[in-house]
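What the coordinates show
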Amino acid sequence: AQSVTQLDSHVSVSEGTPVLLRCNYSSSYSPSLFWYVQHPNKGLQLLLKYTSAATLVKGINGFEAEFKKSETSFHLTKPSAHMSDAAEYFCVVRTDTGGFKTIFGAGTRLFVKA
Amino acid sequence: EAGVTQFPSHSVIEKGQTVTLRCDPISGHDNLYWYRRVMGKEIKFLLHFVKESKQDESGMPNNRFLAERTGGTYSTLKVQPAELEDSGVYFCASSQSWGLETQYFGPGTRLLVL
């Protein structure tokens, strides 16, 4: 069975400090992995995606994620948080299980303190 | 290029009433998806259209939900009659091709059933 676990429901950081949002997945097949962000009252915006090319994926707004197959992880990082990064972040797995399935993590809400 | 649009942005109805949500995908995208996030839960897949055909409707919760995509352009999702547990945010997404393609999401419709 496929599943996605976002290990933290809330993360709080100070502006200018690093951000780490953790995601673990379970998949019997080679997945595609995505991170989306949702700002208040906005839609889901694609940050980055992994599709079996380079394991370190760079996205928009300075975010990046590293696919680690041995750890079944796809953690999202950013070297320096900005106030505008405060939002909810979703880790998403898409796999071909004889029919493509999209599984969302529960979301991690990022708070950025001034 | 216009993104995925959804209408209305918010809807408040009483239990037993009918509500119809609309989604306009990105032009040229044959694949259209509906998702739902009930309060405090993960975003869950509802169904997938390829052009006007339902490719996968395994996530539809019950027969009070009816999705259509006549002509393979915009889609509607009707809830009739609405129940309290239908409250949540309904997202629409589209992609150019099937498989592990990136899905682009709309802003969602926030439905509250009283």
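Refer to the structure printed above.
Attention in this report is confined to the structure presented alongside it. (Residues numbered from 1 in each chain as written. Chains lettered and ligands numbered in written order. Predicted model: local features only at pLDDT ≥ 70, side-chain atom pairs only at ≥ 80, totals over all residues. Heavy atoms only, no water.)

Comments concerning the sheet that holds strand S1 (residues 5-7) of chain B
Residue and element names in this part refer to chain B. Pairing is antiparallel in the open sheet, where 4 strands are placed in the order S1-S3-S8-S7. In this open sheet, the two edge strands, each paired with only one partner strand, are S1 and strand S7 (65-68). In this sheet, adjacent strand axes meet at a mean angle of 15° when their direction is disregarded. Bridging between strand S3 (residues 19-24) and strand S8 (residues 75-79) involves 5 bridges; their strand directions are antiparallel. Residue pairing in the sheet places arginine 22 in a bridge with threonine 76 of S8. (Pairing = 2+ DSSP bridges. Helix = DSSP H or I, 4+ residues; strand = E, 2+ residues; numbered from the N terminus. Axes fitted to C-alpha atoms, helices over the stretch in contact; angles between N-to-C directions.)

Brief notes about the pattern of salt bridges
Residues and elements named next belong to chain B. In total, this model carries 11 salt bridges over all chains according to the counting rule given. With a closest N to O distance of 4.0 Å, glutamate 57 and lysine 54 form a salt bridge. The partly exposed category is assigned to glutamate 57, whose relative accessible area is 43%. Taking relative accessible area as the criterion, lysine 54 reaches 36% and is therefore assigned partly exposed. Among the ionic pairs, aspartate 86 bridges to arginine 64, the shortest N-O distance being 2.6 Å. Of this pair, aspartate 86 sits in the loop between S8 and strand S9 (88-95) while arginine 64 sits in the loop between strand S6 (53-56) and S7, and the two are 22 residues apart along the sequence. Like aspartate 86, the residue arginine 64 is buried in the burial classification. (Salt bridge = Lys/Arg side-chain N within 4 Å of Asp/Glu carboxyl O. Buried < 20%, exposed > 50% of the residue type's maximum accessible area, 1.4 Å probe, protein only.)

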